[in-house]
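# Chain and residue survey
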Amino acid sequence: MTLSRHNPAELSPPTGFSHAVTAIGSRLVFLAGQTALDTDGKVVGDTLPAQFETALSNLLTALAAAGGTPHDLARVTVYATDVADYRLHAHELGRVWRRLAGRDYPAMAVIGVVRLWDEQCLVEVDGVAVLP
């Protein structure tokens, strides 16, 4: 399996994402949206960075259960209830990403939403991975 990340010079330099990812492999893993739920189904964390860390950890746990690693992520979508707050904490969120998932960034999007399934949740993360 190979993932190639493409960031053409003609586009704005990406920060924390890749403009395009080419995936060649034999298995796709579709990862359900993950929020800041603990193993008891309770929302943990009162801030966006704290919830983002738990949501990303949950996503990576699901990916590992399917046999994948963060390097296998081809696409991630982040749903945030407050995009301005997401932008305000972007550097901190980037540090969380690098610590948990490394520096091989997938193609990404951040989408503002009115609310998530659990009203206390501030962020949800889903994705697609390509495994060998």
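Presented here is an overview of the structure given in this document. (Residues numbered from 1 in each chain as written. Predicted model: local features only at pLDDT ≥ 70, side-chain atom pairs only at ≥ 80, totals over all residues. Heavy atoms only, no water.)

## Points about the environment of Leu59
Along the chain, Leu59 falls in helix H1 (residues 48-65). The spatial distance from the C-alpha of Leu59 to the C-alpha of Phe17 is 17 Å, given a sequence separation of 42 residues. Once residues within four sequence positions are removed from consideration, Leu59 is found in contact with Leu31, Ala32, Gln34, Val125, Asp126 and Gly127. (Helix = DSSP H or I, 4+ residues; strand = E, 2+ residues; numbered from the N terminus. Contact = heavy atoms within 4.5 Å.)

## Here's the deal with the environment of Pro8
Looking at where Pro8 falls in the secondary structure, it is placed in the loop between strand S1 (2-6) and strand S2 (20-24). For Pro8, a relative accessible area of 33% corresponds to the partly exposed category. When the C-alpha positions of Pro8 and His19 are compared, they lie 7.8 Å apart, and in sequence the two are eleven residues distant. (Buried < 20%, exposed > 50% of the residue type's maximum accessible area, 1.4 Å probe, protein only.)

## What about the packing of H1 against helix H3 (residues 90-101)?
Packing of H1 against H3 brings their axes to within 10 Å, and their N-to-C directions diverge by 25°. Considering their axes alone, H1 and H3 lie roughly parallel with respect to each other. Of the two possible hands of crossing, H1 and H3 adopt the one that is right-handed. Contacts between H1 and H3 involve Leu48, Pro49, Phe52, Glu53, Leu56, Ser57 and Leu60 on the former and, on the latter, Glu92, Leu93, Val96, Trp97, Arg99, Leu100 and Ala101. When its residues are assigned to classes, the contact of H1 with H3 shows ten nonpolar, one polar and three charged. (Axes fitted to C-alpha atoms, helices over the stretch in contact; angles between N-to-C directions. Parallel < 35°, antiparallel > 145°, perpendicular 65-115°, else oblique. Left-handed = near helix turned anticlockwise from the far one by under 90°. Nonpolar A, V, L, I, M, F, W, Y, C, P; charged D, E, K, R; others polar.)

## Remarks on the pattern of salt bridges
Side-chain pairing between opposite charges can occur once the charged atoms of the two side chains come close. Overall, the coordinates contain two salt bridges when judged by the stated rule. Residues Arg99 and Glu53 are paired through a salt bridge, measuring 3.1 Å at the closest nitrogen-oxygen approach. Here Glu53 lies in helix H1 and Arg99 lies in helix H3, a separation of 46 residues in the sequence. Among the residues examined, Glu53 registers a relative accessible area of 28% and is labelled partly exposed. In this structure, the salt-bridge partner of Arg115 is Glu119, at a minimum N-O distance of 4.0 Å. Its relative accessible area of 64% is what places Glu119 among the exposed residues. (Salt bridge = Lys/Arg side-chain N within 4 Å of Asp/Glu carboxyl O.)

## Let's talk about the side chain of Asp126
Turning to its location among the elements, Asp126 is positioned in strand S6 (residues 123-131). Despite its burial, Asp126 remains without a salt bridge, the nearest opposite charge being carried by Arg75 at 6.9 Å. At 3.3 Å, the side chain of Asp126 forms a polar contact with the side chain of Tyr79. (Lys, Arg positive; Asp, Glu negative; His and termini not counted. Polar contact = N/O pair within 3.5 Å; in protein donor to acceptor, adjacent residues only side chain to side chain.)

## Section: the sheet that holds S6
The sheet built from four strands is open, its strands ordered S3-S6-S4-S5 with mixed pairing. With partners counted over all chains shown, the strands left at the sheet margins are strand S3 (27-34) and strand S5 (107-112), one partner each. On average, adjacent strands in this sheet sit at an angle of 10° to one another, irrespective of strand direction. When strand S4 (residues 73-80) meets S5, the two strands line up parallel, connected through six bridges. Looking across to S5, one finds that Val78 is bridged to Val110. (Pairing = 2+ DSSP bridges.)

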